[in-house]
Structure formats: structure tokens, C-alpha cells
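One-letter residues, chain by chain:
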Amino acid sequence: MNLPADFGVRPSELTEIVIPNDLRSAREPERRILALLGSCGYAPETVFAIKLALEEALTNAIKHGNRNDSSKSVVIRYTVNPQRAVIMVRDEGHGFRPEAVPDPTADENLERPNGRGIRLMQAYMTRVCFNCAGNEVWMLKENRVSNPPGLPPRRG
Amino acid sequence: MTIDIRQEAGHLIVRLAGSVQSLDAEELDARVDALLSGAARHIIFDLSALEFIGSAGLAALLRIHRALKDREGSIRLVSPRPLIAELLDLTRVSKLIPVHPSLELALQAVAPARAPGPPGGSTCGS
């Protein structure tokens, strides 16, 4: 899958990093992206949203996509500018169908410990696109003050 | 992530601080296993210093919820910051696990009903 044309950035703007398939290594791309968000002056709630979506995408790739296989890798491509942040995460797994993941907020699924990652990515990012195989996700966050869908206005 | 565990009024108080990411959730799971191996029926999580939690951390809280429900106990969350409170609402975790604005109110919610005192009552001096 290529960079979605309507994400508002060019492929040449993207930086690529390849990490070993473990959660500790996932801290490095997060550190780099958070540093860029800070330098671009993103608001704390937007940084929180991007950190959450990135965390969920990386965890899905490492634990579910690559099934904790230490011989595999995860590819991250990203760019951050004052208007938007774009992040891609790709694993070497066989993928999945996002629409087949049960709604974790349905009453019958509330007590299930897993299945919230995809929902959180979709709720906190402006756009989330999976490739056909389901092993590559592109996420866009526009830098504007907004509430995650389905939530009441922020307090305070 | 830092985890501090103490007892207050006979209940376990767990204070989570910093970020609970997937890697941290494995440590949280281990600490939770140790807590659940005891006889605790009610565990209160003080979230006032928690800055971030992902779905792996939420899963750990839900696991405690299920374990304590089986022994007719409860898990309660106290003083989440606004972004964490929104996350708990969005995922509807707050529908399963009570969220209290203060530790005092959480302790009141789990305190056993007190028997009536003797006529005249006792005096709480200072």
C-alpha cells in the first residue's frame, strides 16, 4: 500500500526506521516521533492521541502481526510538520481484517481484555487506513483541537 | 511506570505513576498476579499521577476486575487525569469499573457497613 494521496504529505518527506520485533525496541520510533511533536508545538492532548495510536499500532505489529517472533522486523515510516503527523507501521505477518475485530465497547465484549487497540487508533487519529492484507497501517493526525468521536466535550 | 502498593483502612491501594505502555503492562501483570494471590477483595488504583495508559494496561485492570468480581470484591479507580478519564469513558471501562474523584470516596464505597454504636456514641477527639 502506498501513502494515501489525501494525507497531505509527499513520500519524500517520510523517514523510515526498521526495528527488531520487540516492545523495548518500539520505544525508539516513539521517542523520535514524540520529539518532533514537541518541536512542532503540538498540544498535550494531541501528543497523547498520537502516542496512544502509535503504541497500539506497534504492539499489534509485534505481538499479533509478527507473533513475537524475534527473527522478524517492524518498519515505521513517519513525518511530522506543524499541520499534520503521518505514521505508517508494517509487520511481516499475514495480516487480518480490521472489520472482523469485535466491537470492544459492545456490552457483551466489555470484559474481554483484548481487542481495543484498533478502536483506539480509529478514535484518536484523524484517519486510519489498512492495506488489503491488514499488515500495514497508515495513520494521519491533523493538528487541530478536537475531541475523539463519541466523547462529550472535554472537562476543565 | 512506577507502582507503589500500600494498605489503608484494610484495603490495598495501588498508585500508578508515569506511563503504562505495553512493555510496562507485563510488569503490571506480574505485580497484579502477586496481589491476586492474596486474600484481597478490594483494590483501589490511585491514578492521580498516571500520565498515559494503553490498551495493554487497560487489559490488566480488566483482568483484576474479573478476578475480584469472582470473589465478590471490586477494583476502583481514583482521580484519573482528564485525558485518562476520557480514555476510560471511550473504551467504556468506566462502565465496568467505578471511578471516584477521591481516595476518601473510594474507601467509603468499599468500607463495610458499620454497626450502630453504643448509646451516646463515642467521642472523636483531636
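Residues numbered from 1 in each chain as written. Chains lettered and ligands numbered in written order. Predicted model: local features only at pLDDT ≥ 70, side-chain atom pairs only at ≥ 80, totals over all residues. Heavy atoms only, no water.

*Asks:* Explanation requested: the overall build of chain B in the structure shown.
*Replies:* Within chain B one finds five helices and five strands. If you list the helices and strands of chain B from N to C, you get β-β-α-β-α-β-α-α-β-α. Burial statistics for chain B: of 126 residues in total, 51% are counted as buried. When contacts within chain B are restricted to residue pairs at least 6 apart in sequence, those whose partners lie at least 24 apart make up 69%. (Helix = DSSP H or I, 4+ residues; strand = E, 2+ residues; numbered from the N terminus. Buried < 20%, exposed > 50% of the residue type's maximum accessible area, 1.4 Å probe, protein only. Contact = heavy atoms within 4.5 Å.)

*Asks:* Before we go on, may I ask you to explain empty space enclosed by the protein in this structure?
*Replies:* Any empty space left between the atoms is revealed when a probe the size of a water molecule rolls over them. Taken as a whole and assessed by the stated rule, the structure comprises one cavity of 30 Å³ or more. Roughly 90 Å³ of volume is contained in the largest cavity. As for the largest cavity, its lining consists of Leu23(A), Ala26(A), Arg27(A), Glu30(A), Glu55(A), Leu58(A), Thr59(A), Gln21(B), Ser22(B) and Leu23(B). Elements that contribute at least two residues to the lining of the largest cavity include exactly α1 (27-39) and α2 (44-65) of chain A together with α1 (22-36) of chain B. With three residues, α2(A) is the largest single contributor of residues to the lining of the largest cavity. Class assignment of the residues belonging to the lining of the largest cavity gives a composition of four nonpolar, three polar and three charged. (1 Å grid on protein atoms, 1.4 Å probe; cavity = no way out; pocket = protein on both sides within 12 Å on 5 of 7 lines; lining within 4 Å. Points joined across faces, edges and corners; volume = space filled by probe spheres on them. Nonpolar A, V, L, I, M, F, W, Y, C, P; charged D, E, K, R; others polar.)

*Asks:* Sorry, what's going on with α2(A) here?
*Replies:* In an α-helix there are 3.6 residues to a turn, and that puts residues three or four apart on one side. For α2(A), spanning 22 residues, the distance from its first C-alpha to its last is 30 Å, which sits close to the expected 32 Å at 1.5 Å a residue. Two residues or fewer after α2(A) comes Arg67(A), characterised by a positive phi angle close to 50°. (Expected span 1.5 Å × (residues − 1).)

*Asks:* How do you make sense of unusual backbone geometry when you look at a structure like this?
*Replies:* Both trends apply: most residues other than glycine have a negative phi, and most peptide bonds are in trans. In this model, Arg67(A) sits at a positive phi of 50°, which is unusual for a non-glycine residue. Examined against the element boundaries, Arg67(A) turns out to sit in the loop between α2 and β2 (73-80).

*Asks:* Sorry if this is basic, but what is going on with the environment of Asn2(A) here?
*Replies:* All names here are of chain A. The topology assignment puts Asn-2 in the segment before β1 (15-20). You can call Asn-2 exposed: its relative accessible area is 67%. It is 9.0 Å that separates the C-alpha atoms of Asn-2 and Trp-138, two residues lying 136 residues apart in sequence.

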